[in-house]
Amino acid sequence: MKLAKHLLAMPIAVGISAQTFSDVLSDPNAALELLNSYLAGEEALFALLSTAKDITVLAPSNEALYRLENDEAMIARFAADPGMMGAFLKYHVFSGVWYSSSFTAAKSPVTFVPTMLNDTAFTNVTGGQRVKARAKNGEVVLYSGMLTQTPIRSANYNFSGGTIHIIDRVLTIPANITDTLVSANLTAAAGALKVAKMAQGIGQGNQVTVLAPDNDAFNAIGKVIGAMSTADLAAVMGYHVIPGQALYSDMIKNGSTETTTTQNEAVLFRVEDGAIFVNGARVIQTDILFDNGVIHMLDGVLNPQNTSAAPNPTAATQAPAFSGAGTTNGVPFTSGIGTPTSAGPTATVTDLGPLPVAGAPVPLRTGAVRAALLFGGAAMFVNA
Ligand SMILES: *[C@@H]1O[C@H](CO)[C@@H](O)[C@H](O)[C@H]1NC(C)=O
Ligand SMILES: *[C@@H]1O[C@H](CO)[C@@H](O)[C@H](O)[C@H]1NC(C)=O
Ligand SMILES: *[C@@H]1O[C@H](CO)[C@@H](O)[C@H](O)[C@H]1NC(C)=O
Ligand SMILES: *[C@@H]1O[C@H](CO)[C@@H](O)[C@H](O)[C@H]1NC(C)=O
Ligand SMILES: *[C@@H]1O[C@H](CO)[C@@H](O)[C@H](O)[C@H]1NC(C)=O
Ligand SMILES: *[C@@H]1O[C@H](CO)[C@@H](O)[C@H](O)[C@H]1NC(C)=O
Ligand SMILES: *[C@@H]1O[C@H](CO)[C@@H](O)[C@H](O)[C@H]1NC(C)=O
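Residues numbered from 1 in each chain as written. Chains lettered and ligands numbered in written order. Predicted model: local features only at pLDDT ≥ 70, side-chain atom pairs only at ≥ 80, totals over all residues. Heavy atoms only, no water.

## What about the overall build of the chain?
And then number 1: Counting its regular elements, the chain contains 13 helices and 14 strands.
And then number 2: Across the 384 residues that make up the chain, the buried fraction comes to 52%.
And then number 3: Taking contacts inside the chain between residues at least 6 apart in sequence as the whole, the part at least 24 apart equals 70%. (Helix = DSSP H or I, 4+ residues; strand = E, 2+ residues; numbered from the N terminus. Buried < 20%, exposed > 50% of the residue type's maximum accessible area, 1.4 Å probe, protein only. Contact = heavy atoms within 4.5 Å.)

## Describing the site of ligand 6
And then number 1: Around ligand 6 lies a shell formed by Asn 254, Gly 255, Arg 270 and Glu 272.
And then number 2: When the free accessible area of ligand 6 is taken as 360 Å², the share hidden by the protein chains comes to 40%.
And then number 3: When grouped by side-chain class, the residues that make up the shell around ligand 6 number no nonpolar, 2 polar and 2 charged. (Near = heavy atom within 4 Å. Areas by Shrake-Rupley, 256 points an atom, 1.4 Å probe, with all protein chains shown as cover. Nonpolar A, V, L, I, M, F, W, Y, C, P; charged D, E, K, R; others polar.)

## So, the packing of helix 6 (residues 72-80) against helix 7 (residues 84-91)
And then number 1: The contact between helix 6 and helix 7 brings their axes to 7 Å, and the two run at 115°. Within the contact between the two elements, helix 6 uses Met 74, Arg 77 and Phe 78 and helix 7 uses Met 84, Met 85 and Phe 88.
And then number 2: Of the residues contributing to the contact of helix 6 with helix 7, the split by class is 5 nonpolar, no polar and 1 charged. (Axes fitted to C-alpha atoms, helices over the stretch in contact; angles between N-to-C directions.)

## Focus on the pattern of salt bridges
Pairs can form between side chains of opposite charge once their charged atoms are near each other.
And then number 1: For the structure on display, the rule yields 4 salt bridges.
And then number 2: A salt bridge links Glu 63 to Arg 67, with the shortest nitrogen-to-oxygen separation between them at 2.9 Å. Taken together, the residues Glu 63 and Arg 67, both in helix 5 (residues 62-69) and 4 residues apart, mark about one turn of the helix.
And then number 3: A relative accessible area of 15% means that Arg 67 is categorised as buried.
And then number 4: Two residues, Lys 90 and Asp 119, come together in a salt bridge whose shortest N-O distance is 3.1 Å. Of this pair, Lys 90 sits in helix 7 while Asp 119 sits in the loop between strand 3 (110-114) and strand 4 (130-136), and the two are 29 residues apart along the sequence.
And then number 5: Of the residues examined, Lys 90 reaches a relative accessible area of 5% and is grouped as buried.
And then number 6: Accessibility expressed as a relative area gives 25% for Asp 119, which makes it partly exposed. (Salt bridge = Lys/Arg side-chain N within 4 Å of Asp/Glu carboxyl O.)

## Overview of the pairing of strand 5 (residues 139-143)
For a regular strand, side-chain orientation follows a simple rule: the groups alternate between the two sheet faces.
And then number 1: Counting buried residues in strand 5 gives 4 out of 5 residues, a clear majority hidden from the surface.
And then number 2: Sheet analysis places strand 4 next to strand 5, joined by 5 bridges and oriented antiparallel. When the sheet's bridge partners are listed, Ala 135 is paired in strand 5 with Val 140.
And then number 3: Joining the antiparallel neighbours strand 4 and strand 5 is a turn of 2 residues, in which Asn 137 adopts a positive phi near 50°.
And then number 4: Count of turn residues in the strand 5/strand 6 (residues 149-159) antiparallel hairpin: 5 residues, of which Met 146 carries a positive phi of about 55°. (Pairing = 2+ DSSP bridges.)

## Focus on the site of ligand 7
And then number 1: Around ligand 7 sit Asn 306, Ala 309, Ala 310, Ala 319, Pro 320, Ala 321, Phe 322 and Ser 323, and that is every residue in its neighbourhood.
And then number 2: At 2.4 Å, a side-chain N or O of Asn 306 approaches an oxygen atom of ligand 7.
And then number 3: Ala 321 has a polar backbone atom sitting 3.3 Å from an oxygen atom of ligand 7.
And then number 4: A total of 370 Å² of accessible area belongs to ligand 7 in isolation, and the protein chains cover 57% of it.
And then number 5: Of the residues that constitute the shell around ligand 7, the class distribution is 6 nonpolar, 2 polar and no charged. (Polar contact = N/O pair within 3.5 Å; in protein donor to acceptor, adjacent residues only side chain to side chain.)

## Things to note about helix 9 (residues 187-195)
And then number 1: Among the 9 residues in helix 9, 7 count as buried, and that is most of the element.
And then number 2: The set of residues buried in helix 9 consists of Thr 187, Ala 188, Ala 189, Ala 190, Gly 191, Ala 192 and Leu 193.
And then number 3: Against the buried residues of helix 9 lie helix 8 (177-183), strand 8 (208-213), helix 10 (215-220) and helix 12 (230-238).
And then number 4: One or two positions beyond helix 9, positive phi appears at Lys 197, with a value near 60°.

## Describing the sheet that holds strand 7 (residues 162-167)
And then number 1: The sheet built from 7 strands is open, its strands ordered 2-1-7-6-5-4-3 with mixed pairing. Looking at which strands have only one partner, the edges of the open sheet turn out to be strand 2 (93-95) and strand 3. When strand polarity is set aside, the average angle formed by the axes of neighbouring strands in this sheet is 35°.

Structure representation (structure tokens):
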């Protein structure tokens, strides 16, 4: 009952609404019939949520649950790991009350919101795995694992413990380093970490930041890096790992240096006109969340023996930090690593894509197997 105890022990900081969690679930305006039916009879969970203080619940709409029910990969993940549903539910609960007004571009363009998911089986991010929230054009979009984008459709259904936001696509729990890199098509980085025997250890017992060059970056120096000894490759890849901290983009300051795992050699961050650079490489995608921290994608491979490499911020591409650059036949380290699936997360925010079964209405299901998965998970949430 760790979570329950924690929730019950929290000071009463809100209490502005007399509505209970269950009142909101049955509010016709909220249109949460499917969630309501899934959780029917879950008295312990309702009791927990009705007495909880200082939380924000992301409630999946009928559409979100319908998509989830038809997402065979997710269902398989739940079936394979009995702890997954409990973790999934916890990831949908933020620590603290975050009204939609907490996320305005004026306050901060992005916010990394801590969630209740802190079980070490799923994350070693201190203070709970994060969700990235971004306010843009009056809309709040949440980014979770595999860069899944989830708009908040309807916000601020206040209840006694805080507030509830309704979402049309469920969040993805950040996966491990390898699966996350592959999903972002960073297959050379995934392969190089594997060859250097570093993938398994990344973030064990501690949060980390991983700087991941894209495949073109590895390809550009294929001749050099493909021929390295395992020890040299490990030194290069270790120079891409910042131990002990999840350095989200909003924490990166111009001129800051961060120690890496390679010989305590540091990398230098620059922020020029909103673009982030590490040594001589440009960050081309920030904040890819994974189980033990955060990944930033680079357009170049960093060289621990060329720490003075510097960018040309106005140029579209940067010079490689390795001399003797040149490609080989095929991107190094990618064989046997797999390829990304182009599933849901790549869809744009406003277009979540068609429903899995064309034209199907959203049915109220009582399918025994799937309901059991959810109910079982709900029980784990309460008993965790
Ligand atoms: C997870 O959070 C709960 C509530 O704050 C806390 O009691 C527990 O010790 C945390 N677990 C870890 C592994 O940090
Ligand atoms: C919920 O509470 C917040 C903070 O008091 C308030 O701004 C918001 O309007 C409330 N939501 C509704 C639907 O009343
Ligand atoms: C992934 O990277 C490879 C280069 O290694 C490229 O050919 C391919 O188009 C990329 N795939 C996607 C989905 O971006
Ligand atoms: C990542 O998870 C996959 C299963 O999704 C597993 O096969 C793989 O061994 C894991 N890799 C690491 C480095 O933990
Ligand atoms: C977190 O660290 C613990 C202790 O090293 C480890 O057992 C666990 O597998 C790690 N969790 C993840 C998600 O890597
Ligand atoms: C950013 O940091 C770099 C490296 O320390 C420095 O050369 C540059 O002048 C800084 N830029 C700004 C705008 O402060
Ligand atoms: C160091 O990196 C710069 C690019 O930032 C490159 O021009 C230079 O050739 C590199 N030096 C060595 C010794 O690799």
